[in-house]
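One letter stands for each residue in the lines below.
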Amino acid sequence: MKRLVIANWKMNPKNLKEALLLAGSLKSELKDIRGAEVVICPPFPYLAAVARQLRHSGLLLGAQDMSSEEKGAHTGQVSPAMLKAFGCAFVILGHSELRRESGETDFMVNRKLRGALKNGISPVLCVENTIQLRKALQGVPRGAYGRIVVAYEPLWAISTNKGAKAADPSRVAAMARTFRMIVPGAAILYGGSVSSKNAAVFLKKGKVEGFLVGQASLKAEEFTNLVKIAAFR
Ligand code: PGA
């Protein structure tokens, strides 16, 4: 299976100009990458411009969240169809920052996951444990498991949280094994303080298919190095 590296830009960079500079550098640095699929997830207002920038680059586009509803009176929300229209092949769902800051529940994550699958967008489901994973999968047919990406993201490992420290690779391997039993066919990623320094260890000992990357995805050189590690090891 090809490696998968997903850049979660979160609420960065601070303006469109910087976003396009970053996307442009990644496009030129990573255009010949074959061993890894790279997905860039910018904030909503940058999606259209970044999509144009990434055209013909082989880099894919994703969003950081999505409504579970198809259309209508949902102030502040973005529908799956809108994301598709901008070329989003992936959508991050259930990120711990949304669970914490916006009170997103397992029920909501489950509805969004099903909405993404129904609309042909691959969900990148962020979970900290098997309870969240099982709840998110309720009512999802087994035949769709192969289109799901699961990111194991322990809260305490996310770089911006106080005292953050990357998870132990053997713990990641154990979680990945358990996740694979629950959702066979899904790609399993690790996220939390991943950098070009620890990526190789996570691939080898953590036995994951790739990464969901926050902080390290905001610097073109660092992210390029990280992707190259994923692609060639
Ligand atoms: P980090 O973030 O790589 O900065 O730890 C990962 C994430 O929150 O998805």
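Thresholds applied
- Residues numbered from 1 in each chain as written.
- Predicted model: local features only at pLDDT ≥ 70, side-chain atom pairs only at ≥ 80, totals over all residues.
- Heavy atoms only, no water.
- Disulfide = S-S within 2.5 Å.
- Buried < 20%, exposed > 50% of the residue type's maximum accessible area, 1.4 Å probe, protein only.
- Near = heavy atom within 4 Å.
- Polar contact = N/O pair within 3.5 Å; in protein donor to acceptor, adjacent residues only side chain to side chain.
- Areas by Shrake-Rupley, 256 points an atom, 1.4 Å probe, with all protein chains shown as cover.
- Nonpolar A, V, L, I, M, F, W, Y, C, P; charged D, E, K, R; others polar.
- Pairing = 2+ DSSP bridges.
- Helix = DSSP H or I, 4+ residues; strand = E, 2+ residues; numbered from the N terminus.
- Axes fitted to C-alpha atoms, helices over the stretch in contact; angles between N-to-C directions.
- Contact = heavy atoms within 4.5 Å.

Student: Looking at this structure, how should I read the state of the cysteines?
Tutor: Cysteine pairs can be linked by a disulfide, which is a covalent bond between their two sulfur atoms. Evaluation of the coordinates by the stated rule reveals zero disulfides. With no disulfide of its own, C41 lies closest to C88 among cysteine sulfurs, the gap being 7.6 Å. Relative accessible area serves as the criterion here: at 0%, C41 is assigned to the buried category.

Student: Honestly, the site of the ligand in this entry has me stumped. Any pointers?
Tutor: In the region of the ligand, 13 residues are neighbours, and K10, H95, E153, S159 and S193 sit closest. Contact between the ligand and S193: an oxygen atom at 2.7 Å from a main-chain N or O atom of the residue. Bound to the protein, the ligand loses 100% of the 280 Å² it would expose on its own. In the shell around the ligand, the residues fall into four nonpolar, seven polar and two charged.

Student: Would you mind going over the sheet that holds strand β1 (residues 3-8) with me for this structure?
Tutor: Paired through backbone hydrogen bonds, the strands of a sheet run either parallel or antiparallel to each other. As summarised here, the arrangement of the eight strands in space is β1-β2-β3-β4-β5-β6-β7-β8, forming a closed barrel in which the pairing is parallel. Adjacent strand axes in the sheet meet at a mean angle of 25° when their direction is disregarded. As paired strands, strand β3 (residues 60-63) and strand β4 (residues 88-93) are joined by three bridges and run parallel to one another. Bridged to G62 within β4 is F90. Across the sheet, helix α7 (residues 169-182) lies against β5 (122-127), β6 (149-152) and β7 (187-191), angled at about 150° from β6, the strand it touches most. Contacts between helix α9 (residues 220-232) and the sheet are confined to β1, β2 (36-41) and β8 (210-213), with β1 contributing the most and set at about 160° to the helix.

Student: How should I be thinking about unusual backbone geometry in this particular structure?
Tutor: The amide bond that connects N12 to the next residue, P13, takes the cis arrangement and shows omega of -15°. One non-glycine residue, H56, lies in positive phi territory at about 60°. Unusually for a residue other than glycine, S193 sits at a positive phi of about 55°. If you trace the backbone, S193 turns up in the loop between β7 and α8 (199-204). A relative accessible area of 24% means that S193 is categorised as partly exposed.

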